[in-house]
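Structural characterization, general
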Amino acid sequence: MSVDTGIEPGAALPKARGDYLPLLLPVALALAALPFVPVSTWFTLTVAGLAMGMMIFVMASGLTLIFGLMDVLNFGHGAFIAIGAYVATLVLLPLGGWMQADSIWLNLAALLSAIVAAMAVTAVIGLAFERILIVPVYGQHLKQILITMGGMIVAEQLLYALFGPQQIPLALPTSLRGSFLIGDAAIEKYRVVAVLVGLVVFVTMLLILNRTKIGLLIRAGVENGEMVEALGYRIRRLFVGVFMAGSALAGLGGVMWGLYREQVNASMGGELLVLVFIVVIIGGLGSVTGCFIGALLVALLQNYIGFLVPKLSLISDILLMVAVLLWRPRGLYPVTSR
Amino acid sequence: MSELLTLSAVETHIGRYHILHGVDLAVPEGATTMLLGRNGAGKTTALRTIMGLWRASAGEIRFGGSRIEARPTPDIARAGIGYVPETMAVFSDLTVKENLVLAAREGAMDESRLGWIFGFFPPLKTFWLSRAGTLSGGQKQMLSFARAIIEPRRLLLIDEPTKGLAPAIIGALIDCLAEVKRRGATILLVEQNFRVAQEIGDSVSVMDDGRIVHTSAMAELARDGALQHRLLGLSLGAHQ
Ligand SMILES: Nc1ncnc2c1ncn2[C@@H]1O[C@H](COP(=O)(O)OP(=O)(O)OP(=O)(O)O)[C@@H](O)[C@H]1O
Ligand SMILES: [Mg+2]
C-alpha cells in the first residue's frame, strides 16, 4: 500500500502552504501603473488608493467574517455603515469647538468620542438585527437576502425620515485638514490617518484570530461549525459576538468614509455595499487577509483607472472581480468549504 | 455491568428521509462496543444523533442516567463525550497545536497527557506547528483521535477510524484505543474492518436499514461465520 505512514522519523516535513502570491498583487498593480502617470501623480493616486482601500477593508472585514462563520448573506451590512456615519455626525455637532480648536488633542478627543459612540450604537443595533431578523433565517439563503435587504431599506428610510434626503456636512477637524507635500506630490493628511487606522484594525483582527482562543474558535467555526459544537463550544454565542463586532466595524468604516467625503447621506450604505461585496468575493468568502488584499486592489485600480481612462472606472471593479475569479474561482484565499 | 449510554426506540429523519427506524442500543460502562453494519445501514447517523448533530424525532437517549436527546450538541459534548467523526473534521486552517488547544476546553493542555499521546502518534509532535490541512490522511486521523482524548472523556464515539489507512497507522490507532480503554474509558466504535473489530470489541451490535438487528458478545459473532455472512455480507476469506 502506498499510503504515507507518516511515522518514519526522517520523513520530510509537509510544506506549510505558504501562499504569498496574492499578497504581491497590490504591489504589482501599483508598479504596473507607474509607467503611465507622472511620478508625483502616481504617488498621490497610490496614497489615495491605499486610504480608500483601508476604509473599504474596515467595512468589508466584518461582512466576510459574518459570512464565513455564520453562512449569512447580510445585505443589511450597508445600513450599519450609514448609521455609524450619522451617529458620528450627531456626536460631533456639540463638539464643534473641539473639532475647530487648534489643539490636535482636542481634535482627536472629539473624533475618538464620535468613533466610540458610532461603534457602540452599531454594535447594539447589530445585536438586535441578529436576534430579530437573522435568527429565524439561519441556513436559508434566499430568505436571508430578502429579510436583510428589507432591514437595509427600512434603516435607510428611517434615516431619510429623521435627517432628510440632503447631504449633511461632516467636516474634518483642523489638524487633519490639508496636505503634506513630498516633492511635488500632495498627500492629504486624512488619507494617512485612514491608512493607519485601517492597518491597526487589520493587525488587531489578525492578532485576535491567531493568538486568542476566541480567534481560534472563529477560524475553526468558519471551516466547520458543527465540529466546533461537537467539541463543546456554543457557536451561537460566537455568532452574536462576531455579528456585533462586524456591525461595529461597519460603523467605524462609515465614520471614516463620511470624514473622507466630508459629508454623509442616507444612501451611502447602499452605495458602498456593492463595493464591499465585490471585495468580500474577491478575497475568498470568510478570509480577513483576502478581504484586505481585495480592498486594496479595488481601491488602487479605481484610482489609477479614474485618472487614466475615466470612462472605464464604472466597470473596473467588476472586471477586476472577473479576472480574480478566473484565476482563483473561489477568491484569493478561500477558507470555507461552502 | 451498568450502562453508560442507552438508545431506546430512537428514530431520526434527515430532511424528508426516515433513516433510523427505532434503534435500541446499550453501551456498557468501561467496555468497547462495536457498531457494525453494511454501508448505508445508519451507523454514522446513529452517532450523529447521539451527539445531537441530527435530532432524534422519537425515542430516548440516556447518558449517565440523564436524557440528552433534546440537549444542544455543546452540552452533550460537555457531559463527557468525545467524538471522532467519519470525516475526521480536523480544522485544516489551524495548526496541529491549535486543533488540540480547542479540544482541551478545560484550559491549558496537560503536558504529561500530551506526551502520552505523542507516544502513540509521533507525527503530531513532528508537525506540531504545521497546518492540519497539510497532514496526510493517517496523520489527520491521529489528530482527530488526539482531539477526542486530550482530556479524559467518559465516552468516545469513533466512526470508522481505519478507513483507507495503512496497516502501520491502524496498528498505532489500535494501541492507542487499547490504552485508552485500559484507563477506563467507554468506547462506541463503528468499524468496517472485521479483524480490527474482533481485536478490540467486547460486545457488538449490528445495524441494518436503520435498526439494530443483532446484539451479542464480540467473541460470539467472531466464532459464527454464517452469522457474520448473513449480517454483514462478509465472505470469511476476504477478511482474514
Ligand atoms: N445528509 C443526508 N441526507 C440524506 N440522506 C442521508 C444523509 N446522510 C445519510 N443519509 C442516508 O442515510 C442512510 C444511512 O447513512 P449513514 O451514513 O448513517 O450510513 P453508515 O452506516 O454510516 O454507512 P457507511 O458505512 O457507508 O459509512 C443512507 O441511506 C444515507 O444515504
Ligand atoms: Mg458511516
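Just above sits the structure.
Calculation rules
Residues numbered from 1 in each chain as written. Chains lettered and ligands numbered in written order. Predicted model: local features only at pLDDT ≥ 70, side-chain atom pairs only at ≥ 80, totals over all residues. Heavy atoms only, no water. 1 Å grid on protein atoms, 1.4 Å probe; cavity = no way out; pocket = protein on both sides within 12 Å on 5 of 7 lines; lining within 4 Å. Points joined across faces, edges and corners; volume = space filled by probe spheres on them. Helix = DSSP H or I, 4+ residues; strand = E, 2+ residues; numbered from the N terminus. Nonpolar A, V, L, I, M, F, W, Y, C, P; charged D, E, K, R; others polar. Near = heavy atom within 4 Å. Polar contact = N/O pair within 3.5 Å; in protein donor to acceptor, adjacent residues only side chain to side chain. Areas by Shrake-Rupley, 256 points an atom, 1.4 Å probe, with all protein chains shown as cover. Donors = N, O, S within 2.8 Å, 3.2 Å for Na, K, Ca; no water. Contact = heavy atoms within 4.5 Å. Buried area = accessible area lost by both parts, 1.4 Å probe. Salt bridge = Lys/Arg side-chain N within 4 Å of Asp/Glu carboxyl O. Buried < 20%, exposed > 50% of the residue type's maximum accessible area, 1.4 Å probe, protein only. Pairing = 2+ DSSP bridges.

**What to know about empty space enclosed by the protein**
Following the criterion strictly, the structure yields two cavities of 30 Å³ or more and no others. What the largest cavity holds in volume is close to 60 Å³. The wall of the largest cavity is formed by A:Met227, A:Ala230, A:Leu231, B:Ala77, B:Ile81, B:Gly82, B:Tyr83, B:Ala103, B:Arg105, B:Arg147, B:Ala148 and B:Arg153. Among the elements of the structure, helix 8 (213-230) of chain A together with strand 6 (81-84) and helix 6 (137-149) of chain B are those that each provide at least two residues to the lining of the largest cavity. In terms of residue count, strand 6 of chain B provides more of the lining of the largest cavity than any other element does, three residues in total. The calculated volume of the second largest cavity comes to roughly 30 Å³. Taken together, A:Ala79, A:Ala82, A:Met152, A:Ala155, A:Glu156, A:Leu159, A:Ala266, A:Gly269 and A:Gly270 make up the lining of the second largest cavity. A total of four residues in the lining of the second largest cavity trace back to one element, the largest contributor, which is helix 6 (residues 141-163) of chain A. Of the residues in the lining of the second largest cavity, the class split is six nonpolar, two polar and one charged.

**Some remarks on the site of ligand 1**
All names here are of chain B. Neighbouring ligand 1 are 15 residues, the closest being Gly40, Lys43, Thr44, Thr45 and Glu86. The separation between an oxygen atom of ligand 1 and a polar side-chain atom of Asn39 is 3.0 Å. Glu160 is positioned such that a nitrogen or oxygen atom in its side chain is 3.1 Å from an oxygen atom of ligand 1. Calculation on ligand 1 without its partners gives an accessible area of 630 Å², and the protein chains cover 63% of this total. When contributions to the shell around ligand 1 are tallied by element, the ones reaching two or more residues are strand 2 (17-28) and helix 1 (43-51). Among the elements that take part in the shell around ligand 1, helix 1 stands out by supplying three residues, more than any other. Among the residues making up the shell around ligand 1, the classes are represented as five nonpolar, six polar and four charged.

**Thoughts on the coordination of the magnesium ion (ligand 2)**
Octahedral metals with six donors have ideal donor angles of 90 or 180 degrees. Tetrahedral metals with four donors have an ideal donor angle of 109.5 degrees. In this structure, B:Thr44 (OG1) and B:Glu86 (OE) serve as the protein donors to the magnesium ion (ligand 2), at separations of 1.9 to 2.6 Å. Taken together, the residues span a long stretch of sequence, with B:Thr44 in helix 1 and B:Glu86 in the loop between strand 6 and helix 3 (96-103) at a distance of 42 residues.

**Re the interface of chain A and chain B**
With 29 residues of chain A at the contact, the number on the chain B side is 40 residues. Contact between chain A and chain B buries roughly 3,000 Å² in total, counting both sides, with carbon and sulfur atoms accounting for 63%. Viewed at the interface, chain B and chain A are joined by four salt bridges. Note that A:Arg234 and B:Asp75 form a salt bridge whose closest N and O atoms lie 2.8 Å from each other. Ranked by residues supplied to the side of chain A that touches chain B, first place goes to helix 8 of chain A with 12 residues. Residue classes in the side of chain A that touches chain B are distributed as 15 nonpolar, five polar and nine charged.

**A word on helix 1 of chain B**
All names here are of chain B. A large share of helix 1 lies buried, amounting to eight of its nine residues. Those residues of helix 1 not exposed but buried are Lys43, Thr45, Ala46, Leu47, Arg48, Thr49, Ile50 and Met51. Looking one or two residues past helix 1, Gly52 carries a phi angle of roughly 80°, positive in sign.

**A closer look at the pattern of salt bridges**
Under the counting rule described, the total for this entry stands at 16 salt bridges over all chains. A salt bridge links B:Asp93 to B:Arg131, with the shortest nitrogen-to-oxygen separation between them at 3.7 Å. A residue pair is termed long-range when its members are at least 10 positions apart, and B:Asp93 in the loop between strand 6 and helix 3 and B:Arg131 in the loop between helix 5 (122-126) and helix 6 qualify at 38 residues. For B:Asp93, a relative accessible area of 30% translates into the label partly exposed. Where salt bridges share partners, they join A:Arg219, B:Asp93, B:Glu98 and B:Arg131 into one cluster.

**With respect to the pairing of strand 10 (residues 211-217) of chain B**
With six bridges joining them, strand 9 (residues 203-208) of chain B and strand 10 of chain B adopt antiparallel strand pairing. Following the sheet pairing, B:Val206 is matched in strand 10 of chain B by B:His214.

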